[in-house]
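# Observations on the three-dimensional arrangement
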Amino acid sequence: MRLVQACGASAVLSIGAGTIGDIFHSFERGQAYGIFYLGPLVGSVIGPLIGGYITDYLGWRWILWILAVTEGLILILIFFALPETFAPPTNLPNPNNTTLNSRHRKRFDPTSPLRLLKYPNMLLVIVYISITYAIIYIQNTLAELSFTDIYHVSASTVGLIFLAQGTGYMIGSVIGGKWSDYVLMKAKKRNNGVGYPEMRLHSVWIGCFFISVSYICYGWFLEARLHIALPIIAMFTGAFSFVAVLNSVSTYLVDAFPGRSASAVAINNLTRSSAAALFTFISVPFEEAVGIGLIYTIMICVSFIGVVCLFVVSYKGKYWREKINSRIDE
């Protein structure tokens, strides 16, 4: 049942990205995506905290009852109040014309997003996203063990510590979205008013730097058993930087694959979730093998591969995209 629930939840991320691509101009999408991502990012942080209190006072079954009721009400609201945002092209062929070549007729193909992986500007971007997601989920998995073992805090206190991460997500999502749009507009202005999606990627370099610094510091602050405030601050700065970068690269995928934005974000979600699942599974034996400080240092060193991938896309992506756009349409 948890698997079925996750399949339903995944639709929100893909369709939400497609909706943003439908109703916002490219220079507005960074801010719109930042607001949109507040839900899945902040919810995953405050959810366990709320669930803990519900379990303490009402019992764990009430978590499921409350979710069922609230999601049922939201489903009714969506069904009656959320309009279709996809605008079909105005030059559609006559539906009564039966002589059209069948290969031009659109058919539902659930595997079509996977074919986007053959395009380098898609593949290289999700390499970085997947690596950084792995780092985040290593932290999420090990944080309770680390803080309870080193600082001897209770499980409920660890839940409060995660609010630092959630606050970083909230502030970084909004500010990162505005920064992404600002960098795109400035680059477009310098290019005589001509813009293209890869310009947005130049907004990620500051965030990539602070992601590296934050998580290396976080690991070694815990390793050295320094004051508890220091790793909490590193959690905040890491979360802030992560979501600012995630906003830019996710919005880039929406911009770079017009008409396929939901598929682009869907394959992005597939790869990063797979990386998160894998490293959640191996995080504890990984830490036991190398130590809490070294695990984050190793992962940040691996993430440099992803940074190089983003750098290559920022300079070669326009050429690749123009070369393959006709094939995407086919």
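Given the structure is predicted, the values throughout are model-derived calculations rather than measurements. (Residues numbered from 1 in each chain as written. Predicted model: local features only at pLDDT ≥ 70, side-chain atom pairs only at ≥ 80, totals over all residues. Heavy atoms only, no water.)

## Things to note about the overall build of the protein
Looking only at helices and strands, the protein features 10 helices and zero strands. Reading the protein from its N terminus to its C terminus gives the helix and strand order α-α-α-α-α-α-α-α-α-α. Expressed as lengths along the three principal axes of its C-alpha atoms, the size of the protein is roughly 75 × 45 × 35 Å. Split into buried and exposed, the 330 residues of the protein put 41% on the buried side. In the protein, of all internal contacts separated by at least 6 residues, the share reaching a separation of at least 24 is 81%. (Helix = DSSP H or I, 4+ residues; strand = E, 2+ residues; numbered from the N terminus. Buried < 20%, exposed > 50% of the residue type's maximum accessible area, 1.4 Å probe, protein only. Contact = heavy atoms within 4.5 Å.)

## With respect to the pattern of salt bridges
Taken as a whole and judged by the stated rule, the model has four salt bridges. Where Arg-29 meets Asp-255, a salt bridge forms, and the shortest distance between an N and an O atom there is 2.5 Å. A residue pair is termed long-range when its members are at least 10 positions apart, and Arg-29 in helix 2 (residues 29-36) and Asp-255 in helix 8 (residues 229-256) qualify at 226 residues. Its relative accessible area of 14% is what places Arg-29 among the buried residues. Under the relative-accessibility criterion, Asp-255 is labelled buried at 9%. (Salt bridge = Lys/Arg side-chain N within 4 Å of Asp/Glu carboxyl O.)

## A closer look at the packing of aromatic side chains
Taken as a whole, this structure holds 11 aromatic pairs when the rule is applied. Taken together, a centroid distance of 6.3 Å and an interplanar angle of 55° make the contact between Tyr-169 and Phe-242 tilted. Pair noted here: Tyr-169 is in helix 6 (residues 155-190) and Phe-242 is in helix 8, with a separation of 73 residues, a long-range link. Residues Tyr-169 and Phe-242 agree in their burial class; the two are buried. With a centroid separation of 4.9 Å and 50° between ring planes, the pair formed by Phe-311 and Tyr-315 is classed as tilted. Pair noted here: Phe-311 and Tyr-315 are both in helix 10 (residues 292-329), with a separation of four residues, about one helical turn. For Phe-311, a relative accessible area of 46% corresponds to the partly exposed category. Here the aromatic residues Tyr-133, Tyr-137, Tyr-169 and Phe-242 are joined through ring pairs into a cluster of three or more. Just above the ring of Tyr-196 sits the side chain of Lys-318; from NZ or CZ to the centre is 5.4 Å. (Phe/Tyr/Trp six-rings, centres within 6.5 Å; stacked < 30°, edge-to-face > 60°. Lys NZ or Arg CZ within 6 Å of the ring centre and 35° of its normal.)

## Some details on the packing of helix 6 against helix 8
It is at 7 Å that the axes of helix 6 and helix 8 come closest, and there the two elements cross at 35°. Considering only the axes of helix 6 and helix 8, their crossing is right-handed. Grouping the constituent residues of the contact of helix 6 with helix 8 by class yields 14 nonpolar, 10 polar and no charged. (Axes fitted to C-alpha atoms, helices over the stretch in contact; angles between N-to-C directions. Left-handed = near helix turned anticlockwise from the far one by under 90°. Nonpolar A, V, L, I, M, F, W, Y, C, P; charged D, E, K, R; others polar.)

Spatial relationships are all this shows, so hold off on functional conclusions.
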